[in-house]
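# Examining the three-dimensional arrangement
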Amino acid sequence: MTIIKTENLTKIYSDGKVEVVALRDVNLEIMQGEFVVVAGPSGSGKTTLLNQIGGLDKPTEGRVYLEGKDITQMKKDELAELRLRKIGFIFQTYNLIPVLTVSENVELPLVLLGIPERQRKEQVMEVLNLLDISELANKKPNEISGGQQQRVAIARAIITRPSIILADEPTAHLDSKTGGMLIDVMIKMNREKGITFIICSHDPQVIQKAGRLIRLRDGMIEDDKKIW
Amino acid sequence: MIFKLAWRNIWRNKRRTIVVMLSIIVSVAVLLLVDTLSVGMMKQMLDNQINIHISHIQIHKKGFKDDKTVKNYIPDDLKVEKAIMEIEEIKFYSKRVITYGMINSAYNSSAVIIVGIQPDKEKFITIISNSISRGKYLENKGEILLSEKLAQKLNVEVGDKVVLMVSDVDGNISTELFRVVGLYESPHSEFDKINAYITIEDAQKILKLDGKVIEFALIVKDQKYVNHIKEKLEQKLGDLYEVLTYADVAPFIRIMLDMYYQMIWIYYFIFGVAVCFGIVNIMLMSVFERVREFGVLKAIGMKNKNIFLLIMTESFIIGVLGTIIGLALGFAFYIPLSKSGVDLGFFAKSLAWFGTGRIIYPVLTNFTLALVSLTMPFMSLIGAIYPAVKSIKLEPVEAIKHI
């Protein structure tokens, strides 16, 4: 089943004088359960593509369909609802809420979904166990390592059982060993939970483990290869 | 969770939160004290006006209010007495004869308001019997009670003789000799300057009123129902009589009360606006410091209304917490002061002119409590609107990139 489809996706940034084409006519189809790595040099349009797919930004032209629905026409609150229910985000700098504990950070999306407290606690413990970070539950983000914070970010992203997880350079701030372990965790989530991953990265060990590798250059797809 | 998040957020920068909270605490405490002191002053002024002379309700012949001449005596005092007796809510009443005249001593003379009273009954109407500074209270015919101020002006002492000169009911000049039996001093210096008391019988005699009275002064059981009792009396007495409450008799009291309300609103406005700007300042700083975080919250699906609610909650907590501590501080001062009173000795002269007395007892009303409790939380919400709007206008993509 197609989960993401883009049609002639184009994004042009303009400051009134200079125009920068970040994406040009990108046509892409991603199936459910795929483990996609989008690679390319800096400025190739990886993050822009991810932002368009995640409904964080609007394209200049073209369409993005998530599970068949055109998200480019949605209003801000509809997009927020969509992100809450269907999309999980993992950022380069983890971006946990510093005043909340690990378990509260993971719980937050469930609160926004209006899930009852007891059910929330059960789901949080389950996900923390799955990611092997249950002993960190009551720690604040600044009390744990970068690798642990990124695991928490993954836990926060998968807690709502989204259809798709978008990760932007998730290993950029981690050493290669921790980064490798993190990619393994994501592959595990992909295989066990059937969650679709789209990961932007230029980290060789991430690219090496891609299920499908899309290479971008100058805002266009240079290569699209299915590996497993 | 929004509350938990808001609560923890406000303590991220403790010093900043405490500084703005201190401004709320001090504002609330000061407003509580200024307001209760003002109410106390108004209440004392009103009570003194009522207790020194006015009483709760006065009954005259129609037209006396505008033409205070002896000719406007009450045509049928028995009818008035009967009407008073029929109304249960009236506690005490006393008859009076009032006129203007001259008082002469061997050394000086002065214009004076001569109040003929029933000494025994007047004790329950006014505080004059308790305000005797020298000599004794009025008992018998031929006696006169002067204020310390008037006695000083006339250069007389207790036991000295004075002559009253009035225009009687027929318009003839009438004079009578009186012996000063006592001197009084009320909290109202202006009142003291011109009022002298004699017995009602003497007043009737000197004015040739033949047993007629000019005024009935009434004290009711509950001051709150004074207008209701006035209506009852008007129904019973008909058009020939005027029934006046203390507010009708002394309209300046109402003006003072109106002035108080206007002043107090200005106080609340000034303090409220100051706190509001403080809140705008710290909440804006707080929003700008957390731009990236708002981007993340938006990215994970938090809707704008929840982000708006988060900022408003943070500000509201600061407002409520500041108000609670401010009230506690205010009460720490108010409770002992409401018992001991505040000695405003350095304003004694002007306070005596207003008739309040130099010791002011602060009075807390439900209105003050409500106003002082709600102003700062309300202004905190107002102050948070702009920062909250700023936060919801952030674009997630831009916000996440923010350093």
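Residues numbered from 1 in each chain as written. Chains lettered and ligands numbered in written order. Predicted model: local features only at pLDDT ≥ 70, side-chain atom pairs only at ≥ 80, totals over all residues. Heavy atoms only, no water.

Next up on the list: the overall build of chain A. A count of helical and extended segments in chain A gives 7 helices and 10 strands. The globule rule puts the C-alpha radius of gyration for 228 residues at 17 Å, and the 17 Å found for chain A is close to it. Seen through its principal axes, chain A has C-alpha atoms that stretch 50 × 40 × 40 Å. Of all intrachain contacts in chain A linking residues separated by at least 6 positions in sequence, the fraction that spans at least 24 positions is 69%. Averaged over its 31 positive side-chain charges, chain A has a centre that lies 2 Å from the centre of its 31 negative ones. (Helix = DSSP H or I, 4+ residues; strand = E, 2+ residues; numbered from the N terminus. Rg over C-alpha atoms; globule rule 2.2 N^0.38 Å. Contact = heavy atoms within 4.5 Å. Lys, Arg positive; Asp, Glu negative; His and termini not counted. Charge placed at Lys NZ, Arg CZ, Asp CG, Glu CD.)

Turning our eyes to something else, we now look at the packing of helix H2 (residues 14-54) of chain B against helix H10 (residues 251-289) of chain B. Residue and element names in this part refer to chain B. Closest axis-to-axis distance for the H2/H10 pair is 11 Å, and the angle between their directions is 175°. On the basis of their axis angle, the class for H2 and H10 is roughly antiparallel. Classifying every residue of the contact of H2 with H10 gives 22 nonpolar, 6 polar and 3 charged. (Axes fitted to C-alpha atoms, helices over the stretch in contact; angles between N-to-C directions. Parallel < 35°, antiparallel > 145°, perpendicular 65-115°, else oblique. Nonpolar A, V, L, I, M, F, W, Y, C, P; charged D, E, K, R; others polar.)

We now examine the pairing of strand S1 (residues 57-61) of chain B. All names here are of chain B. Burial within S1 is extensive, with 4 of its 5 residues counted as buried. Relative to strand S9 (residues 215-220), S1 is paired through 3 bridges, and the arrangement is antiparallel. Looking at S9, one finds that Ile57 is bridged to Leu218. (Buried < 20%, exposed > 50% of the residue type's maximum accessible area, 1.4 Å probe, protein only. Pairing = 2+ DSSP bridges.)

As a further point, take the environment of Glu314 of chain B. Residue and element names in this part refer to chain B. Relative to the elements of secondary structure, Glu314 occurs in helix H12 (residues 304-340). Remark: the alpha-carbon pair of Glu314 and Leu207, spanning 107 residues in sequence, is separated by 75 Å. In this structure the side chain of Glu314 is engaged in a polar contact, spanning 2.9 Å, whose partner is the side chain of Asn9. (Polar contact = N/O pair within 3.5 Å; in protein donor to acceptor, adjacent residues only side chain to side chain.)

What follows is about the UniProt feature "domain: MacB-like periplasmic core" (unreviewed entry) in chain B. Residues annotated in UniProt with the feature "domain: MacB-like periplasmic core" (unreviewed entry) correspond here to residues 17-235 of chain B. Taken end to end, residues 17-235 of chain B is 37% helix and 31% strand, and its two terminal C-alpha atoms sit 62 Å from one another. (UniProt positions renumbered as here; feature names shortened; annotations may be inferred.)

Contacts between chain B and chain A engage 22 residues on the former and 26 residues on the latter. Interface of chain B and chain A: buried area, both sides summed, is about 2,300 Å²; carbon and sulfur atoms make up 64% of it. A per-residue breakdown of the area chain B buries against chain A is headed by Met1, Arg8 and Ile300 of chain B, which together make up 28% of the total. Joining chain B to chain A, the criterion identifies 9 residue pairs in polar contact (both at pLDDT 80 or more). (Buried area = accessible area lost by both parts, 1.4 Å probe.)

This part is about the side chain of Thr245 of chain B. One can find Thr245 of chain B in strand S10 (residues 241-245). In contact with Thr245 of chain B, not counting residues within four places along its chain, are His56, Ile57, Val226, Asn227 and Lys230 of chain B.

Here we come to the nonpolar core. Inside soluble globular proteins, nonpolar side chains tend to come together where they are buried. Ranked by internal contacts, the top residues of the largest apolar core, which has 53 residues, are Ile59, Ile144, Leu146 and Leu233 of chain B. Apart from the residues within four sequence positions on either side, Ile144 of chain B is in contact with Ile103, Leu138, Val162, Leu164, Phe178, Arg179, Val180, Val181, Gly182, Ala196, Tyr197 and Ile198 of chain B. In terms of nonpolar packing, the next biggest core, distinct from the first, is built from 45 residues, Leu84 and Ile97 of chain A together with Val275 and Ala388 of chain B among them. (Core = buried A, V, L, I, M, F, W, Y, C linked by side-chain atoms within 4.5 Å.)

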